[in-house]
Amino acid sequence: MGIVTPGFRGRRRAGVELPPGQYLVEDFPVLSAGPTPRVDLDAWRFTIITETGEQHHWSWAEMLALPQESPTVDIHCVTKWSKLGTSWRGVAIDTLLADIETAADYALVSSYGGYTTNLPLEDMVDGKAWVVHTFDGEPLTPEHGGPARLLAPHLYFWKSAKWVRGIQLLPEDELGFWEQLGYHEYGDPWREQRYSGD
């Protein structure tokens, strides 16, 4: 008889509350919808396009020159792993939107490599989301979304798009890559919103 029962994937830490169906990991699993793009920092651009078509651009140097924040957050993957107390550094979406006029209610986040994901704009402001470039004190590796990824830790981690390149602000919701394939359009881990209809 084996020591580990079939289906055992991890252990809850005593005194730690995890979202339903999640297990705790100490490592940082790598999951991607496609090949890992390699983005030259000299060519990297981040663009916000408003619902009127107005564009705002930042180069890598301009992004690093903006006020930086260092959130420490728990992250939860739809594949059921959770990692606690992760440390990041980057620019708050609030900072990027500070001088942009918009009446949009939704955002479609796009990545190098073609990935997209949708979020209500209210889930990206008021200290809820960042464009991060550093993890655990080191530059974010390409496998984990470097040079920069979105970080929206209150939602399942597929919403924290890797290799982020921009945000399109929209008056109506537009489904992203996984959402079009049946994942939940919002993705709250505490409500187990993994798939459409959850």
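Draft legend 1. Structural detail: unusual backbone geometry. In this structure, Pro147 follows Gly146 across a cis peptide bond, with omega equal to 20 degrees. For Pro147, the location among the structural elements is in the loop between β9 (138–139) and β10 (149–151). With a phi angle near 90 degrees, Lys80 is a residue other than glycine that sits in the positive phi range. Among the structural elements, Lys80 can be located in the loop between β4 (72–76) and β5 (81–92). Non-glycine residue Asp126 carries a positive phi angle of around 60 degrees. Its place among the elements puts Asp126 in the loop between β7 (116–120) and β8 (130–135). Classification of Asp126 by relative accessible area gives exposed; the value is 65%.

Draft legend 2. Structural context of the nonpolar core. One finds Phe46, Ile48, Ile93, Leu96, Met124, Ile167 and Leu169 to be the most contacted residues of the largest nonpolar core, which totals 36 residues. Discounting chain neighbours no more than four positions away, the residues touching Phe46 are His56, His57, Trp58, Met63, Leu96, Val131, Val164, Arg165, Gly166 and Ile167. Judged by nonpolar contacts, the second largest core, of 15 residues, contains Val25, Phe28, Val73 and Cys77.

Reading the values: rules and limits
- Residues numbered from 1 in each chain as written.
- Predicted model: local features only at pLDDT ≥ 70, side-chain atom pairs only at ≥ 80, totals over all residues.
- Heavy atoms only, no water.
- Helix = DSSP H or I, 4+ residues; strand = E, 2+ residues; numbered from the N terminus.
- Buried < 20%, exposed > 50% of the residue type's maximum accessible area, 1.4 Å probe, protein only.
- Core = buried A, V, L, I, M, F, W, Y, C linked by side-chain atoms within 4.5 Å.
- Contact = heavy atoms within 4.5 Å.

Function cannot be inferred from these measures alone, as they are strictly geometric.
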